[in-house]
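Here is what each chain is made of, one letter per residue.
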Amino acid sequence: MAAQLYKTHTGQLFHAGSIVIINVGLPARGKTHGSRSLIRYMNWLGVKSKSFHMGQYRRRLYGPDISAEYFDLGNDDMSEKRSHAEDSCIDDIIEYLTEGSGQLAIFDASNLRADRRRYIYERFESKQIRPLFVEYICENEKIVEENIRKVKITSPDYVTMDADSAVRDFKERIKRMEPYYQTIEDGDLSYIKLYNVGEHIIVNNIRGYLQSRVVFYLMNLHISDRTIYLARSGESSNEGSYKADAPLSDEGHRYAKNLHDAILRRTKERAAETLRKTGVDNTNKTLKVWTSTHVKSYQTAEYFITYDNFPVRRRMLLKGLNPGICENLTLAEVKEKFPDEYHAYLRDPYHHRYSRAESYHDVS
């Protein structure tokens, strides 16, 4: 459970400071996916965070039809353009972390050359912003190919191209960049090396709470395609009570059976759609079902065991919030009986906790 940290007058968590995560790695290795996912997680923890994507700055300055020579790091004619786009992005990150009340930012770019990384490091250090490098290394060509076909060819750079032409063009970009890729070897830097999207991870000079949370999250990161379905449990025989932990009612069992049928039908439809659009066959993927430890939740999932023998796992963290003194009360009844508590909840629904109850932050 992540404990809430004290805040300064700026809104920052005082003993963490400002952090910039600097991505490193060739395209299609999961950098942008990892960045977006990490930003969602950090904001959920209460850390004001934002990702700055280098491609957006390039397109804003030079348009989507920039010459392929732009991606050749040995092309000196394009060096000034690349540096201008990168410096524009860095300037915005510094402003966000020093004047915009942000606490964590991600510089989402390739950053392949060691000398350029040292320059970036020194710029942030001069502003008392702590740099953390995250290098995405993928040696599995199947993952790279899948990432190109599912993500990269849908970028604004390829809106006018068919899929096969976009794939060829993107691979050509990677080919131009590969000779200039230098892996991180500076032992004085704080860095994380992520191999094959979590298969293997190396950390160096990790300091403080926020950097440790980044490591924890990236250890559980993946970029392989998957769909998550969220469903409520079926109705129990004592629906209003949290403590009773009652089993499913007859109506609850009918719902559970219908839920099973609907999910299985939808997974088959999505697999067929993915195969048609990308050529990737997901028909053999096994559905995994997670439930809370409540009786009605597990009984709702039992149909996936009975009919299909799918694995079903119970997780304490999926239990509903303990309502405390508000058990068996509707929201209108809570407002009437505990008006001060009700209005405190409206002001801060994430952190507010009714007496003997849990808050959303408690389970974060």
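Look up a bit, the structure's there.
Residues numbered from 1 in each chain as written. Predicted model: local features only at pLDDT ≥ 70, side-chain atom pairs only at ≥ 80, totals over all residues. Heavy atoms only, no water.

(A) Highlighting the overall build of the protein chain. The secondary structure content of the protein chain amounts to 11 helices and eight strands. The dimensions of the protein chain, computed from C-alpha atoms along their principal axes, are 75 × 55 × 35 Å. Relative to its full complement of 364 residues, the protein chain shows a buried share of 43%. As displayed, the protein chain offers around 20300 Å² of accessible surface, 49% of which is attributable to carbon and sulfur atoms. Computing the positive centroid from 54 side-chain charges and the negative centroid from 51, the protein chain places the two 3 Å apart. (Helix = DSSP H or I, 4+ residues; strand = E, 2+ residues; numbered from the N terminus. Buried < 20%, exposed > 50% of the residue type's maximum accessible area, 1.4 Å probe, protein only. Areas by Shrake-Rupley, 256 points an atom, 1.4 Å probe, with all protein chains shown as cover. Lys, Arg positive; Asp, Glu negative; His and termini not counted. Charge placed at Lys NZ, Arg CZ, Asp CG, Glu CD.)

(B) A look at helix H5 (residues 141-150). Among the residues of H5, those classed as buried are Val144, Asn147 and Ile148. Buried residues of H5, viewed axially, fall in a sector of 100°; they line one side. Buried residues along H5 sit in contact with helix H6 (163-177). Where H5 begins, the capping side chain belongs to asparagine 140, and its oxygen is found 3.0 Å from the backbone nitrogen of lysine 142. (Arc of directions from axis to C-beta. Contact = heavy atoms within 4.5 Å. Polar contact = N/O pair within 3.5 Å; in protein donor to acceptor, adjacent residues only side chain to side chain.)

(C) Structural context of the pattern of salt bridges. Tallying each qualifying case throughout the model produces 16 salt bridges. Across the pair arginine 118 and aspartate 186 runs a salt bridge, and its minimum N-O distance is 3.4 Å. With arginine 118 in helix H4 (residues 114-125) and aspartate 186 in the loop between H6 and strand E5 (191-195), this pair connects stretches of sequence that are 68 residues apart. In this structure arginine 118 comes out as partly exposed when scored by relative accessible area, which is 26%. (Salt bridge = Lys/Arg side-chain N within 4 Å of Asp/Glu carboxyl O.)

(D) Main features of the packing of H5 against H6. Close contact between H5 and H6 brings their axes to 10 Å; oriented N to C, the two are set at 125°. The angle between the axes of H5 and H6 places the two elements in the oblique class. Classified by chirality, the crossing of H6 by H5 is right-handed. Contacts from Glu145, Ile148 and Arg149 in H5 reach Asp164, Val167, Phe170, Lys171 and Ile174 in H6. Taken together, the residues of the contact of H5 with H6 break down into four nonpolar, no polar and four charged. (Axes fitted to C-alpha atoms, helices over the stretch in contact; angles between N-to-C directions. Parallel < 35°, antiparallel > 145°, perpendicular 65-115°, else oblique. Left-handed = near helix turned anticlockwise from the far one by under 90°. Nonpolar A, V, L, I, M, F, W, Y, C, P; charged D, E, K, R; others polar.)

(E) Just the pairing of strand E6 (residues 200-204), in detail. Sheet analysis places E5 next to E6, joined by five bridges and oriented antiparallel. Each bridged residue has a counterpart across the sheet, and for leucine 194 the counterpart in E6 is isoleucine 201. In textbook terms, the turn of a hairpin is the stretch between consecutive antiparallel strands, and for E5 and E6 this stretch comprises four residues, one of which, asparagine 196, has a positive phi near 50°. (Pairing = 2+ DSSP bridges.)

(F) Looking closely at the packing of aromatic side chains. Going through the model one piece at a time under the given rule, you end up with seven aromatic pairs. Pairing tyrosine 62 with tyrosine 70 gives two aromatic rings, centres 6.1 Å apart and planes at 55°, and the pair type is tilted. Assessed through its relative accessible area of 23%, tyrosine 62 is described here as partly exposed. Judged by relative accessible area, tyrosine 70 falls into the buried class, the value being 6%. Among the aromatic side chains, those forming a connected cluster through ring pairs are Tyr41, Trp44 and Tyr217. Sitting over the face of the ring of tryptophan 290, arginine 315 holds its NZ or CZ atom 4.7 Å from the ring centroid. (Phe/Tyr/Trp six-rings, centres within 6.5 Å; stacked < 30°, edge-to-face > 60°. Lys NZ or Arg CZ within 6 Å of the ring centre and 35° of its normal.)

(G) Highlighting helix H1 (residues 31-44). A rise of 1.5 Å per residue sets the reference length of H1, with its 14 residues, at 20 Å; its end C-alpha atoms lie 20 Å apart and thus fit the reference within 8%. When we look at burial in H1, the residues that qualify are Lys31, Thr32, Gly34, Ser35, Ser37, Leu38, Ile39, Tyr41 and Met42. Packed against the buried residues of H1 are strand E1 (19-24), strand E2 (49-53), strand E3 (104-108), strand E4 (130-137) and helix H7 (208-218). Directly after H1, the chain includes glycine 46, whose backbone phi takes a positive value near 100°. (Expected span 1.5 Å × (residues − 1).)

(H) Just the packing of helix H2 (residues 54-62) against helix H3 (residues 79-98), in detail. Between H2 and H3, the shortest axis-to-axis distance is 9 Å and the interhelical angle comes to 120°. Here H2 is positioned oblique relative to H3, judged by the angle of their axes. In this structure, H2 meets H3 at a crossing whose hand is right-handed. Two secondary-structure elements touch here, H2 through Met54, Tyr57, Leu61 and Tyr62 and H3 through Lys81, His84, Ala85, Glu86, Ser88, Cys89 and Asp92. When its residues are assigned to classes, the contact of H2 with H3 shows six nonpolar, two polar and three charged.

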